[in-house]
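# Summary of the model geometry
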Amino acid sequence: MTDLPASRTYRIEDLAHHTRTTVRTIRAYQDKGLLPRPERRGRANLYSGIHLTRLGQIAHLLDRGYTLASIKELLDAWDTGRGLGGVLGLVTEVEGPWTDEEPARITRDELNARFGGAPDDDAVAEAVELGVLEQVEGDQDTFLVPSPQELSVAAELHAAGVPLAAISGHLRELRIQVEHIAARFLEFTTEYVFARYLDDPGHRTDAHAAEAASWVRRLRPLAQQTVDAELARAMRAFAVQHLRTSLGTESPPHTRRGTRSVALPTETIGAVERLVGREHASTFIALAAEREVRARILDDLTPPGRSRNDLGESP
């Protein structure tokens, strides 16, 4: 987009040219309420720097995957005479990289060499599907590696004897659990930090948006630091227990009750939280599942022709 003086006025054709859009698109934006109406002078409609800036903001948000409907909501909520500089800064902060790791490129030959030397098209296709590799447009033999560290871990595991299919399966399972952790951390920080910026119209100013962006920068590394510390603690505890059990110096912990992450529909979790509250949701789901398991065991133990009511149990 060409930099132009904000004080200038433009006919719609000139505005379309300078913003690299079309007259039809500008009129569509007006009809949808995304652009203010132009100033009418005689028989001419004249546009100003406000329209120029707004078209740039719309393009900025479209490039980041926002729909026109969501852009209108954003503009309506934030652009109430106070500008959008702060909220666009917040959007950029949230949608920017959440890691200091730099992407890298790798050729197919280099990839084959790192994983044993033999080509494996199925494994490459699986890695592309998982996002571990990204095909470079126009070059079938070069890939972008969003996380070289993740690829290195896979190479080390493969060198240690882990099949590629097992590595992919493990990553899929791990991703579900990590996404659960990320969702919970986001819920937690939203409730205690960001709710006031999102829910209170009085906090929808440029200054408050900049403050929220600052909190994003400060809180962004905390989830990873917490997970790193807890993973180190858990890995040590389980590795020590596993080694002692394998060496026969300690009996397996039969009575220990562990936890596993299970993917549940968002609607189900929401319904449970509305019923018993968020703090009791996991306990409620666990007890409900345990009750169902016990009921099925009782059904299996009940002699044919007799119901649990015959045994004095309520249905």
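Just above, that's the structure.
Residues numbered from 1 in each chain as written. Predicted model: local features only at pLDDT ≥ 70, side-chain atom pairs only at ≥ 80, totals over all residues. Heavy atoms only, no water.

### Some points on the sheet that holds strand 4 (residues 134–136)
Convention followed: Here, strands pair whenever DSSP counts at least two bridges between them. Helix numbering and strand numbering both begin at the N terminus, where a helix is a DSSP run of H or I of at least 4 residues and a strand a DSSP run of E of at least 2. Between N-to-C directions, angles cover 0 to 180 degrees, with each direction set by a line fitted to C-alpha atoms, over the stretch in contact for helices.
Spatially, the 3 strands line up as an open sheet ordered 3-5-4, and their pairing is antiparallel. What marks the edges here is a single partner per strand, and that holds for strand 3 (104–107) and strand 4. Neighbour-to-neighbour, the strand axes of this sheet turn through a mean angle of 40 degrees, independent of strand direction. Sheet analysis places strand 3 next to strand 5 (residues 139–145), joined by 4 bridges and oriented antiparallel. Paired with T107 across the bridge in strand 5 is T142.

### Here's the deal with the pattern of salt bridges
Filter applied, for reference: Salt bridge criterion: a side-chain nitrogen from Lys or Arg within 4 Å of a carboxyl oxygen from Asp or Glu. Relative accessibility decides the category of a residue: with a 1.4 Å probe and only protein chains considered, values under 20% of the type maximum give buried, values over 50% give exposed, and everything between is partly exposed.
Tallying each qualifying case throughout the model produces 8 salt bridges. Close ionic contact of R108 with D121 constitutes a salt bridge, the shortest N to O distance being 3.4 Å. Taken as a pair, R108 in helix 6 (residues 108–114) and D121 in helix 7 (residues 121–130) lie far apart in primary sequence, 13 residues in all. Note on R108: relative accessible area 23%, which makes it partly exposed. The salt bridge involving E129 is made with R172; its shortest N-O contact spans 3.4 Å. Taken together, the residues E129 in helix 7 and R172 in helix 9 (residues 164–199) connect sequence positions 43 residues apart. The class for E129 is exposed, based on a relative accessible area of 58%. Among the ionic contacts, a cluster of salt bridges with common partners joins R108, D121 and D141.

### With respect to a nonpolar patch on the surface
What counts, and what does not: Nonpolar side chains (Val, Leu, Ile, Met, Phe, Trp, Tyr) within 5 Å and like charges within 9 Å form the patches, drawn only from residues with over 30% relative accessible area and no salt bridge. Computed with a 1.4 Å probe, the accessible areas rest on the Shrake-Rupley method; for each residue, only the protein chains presented here act as cover.
On the surface, I181, V227, L231 and M235 cluster together into a nonpolar patch covering about 360 Å² of accessible area. No other element matches helix 10 (residues 206–246), which puts 3 residues into the nonpolar patch. Relative to the helices and strands, I181 is located in helix 9.

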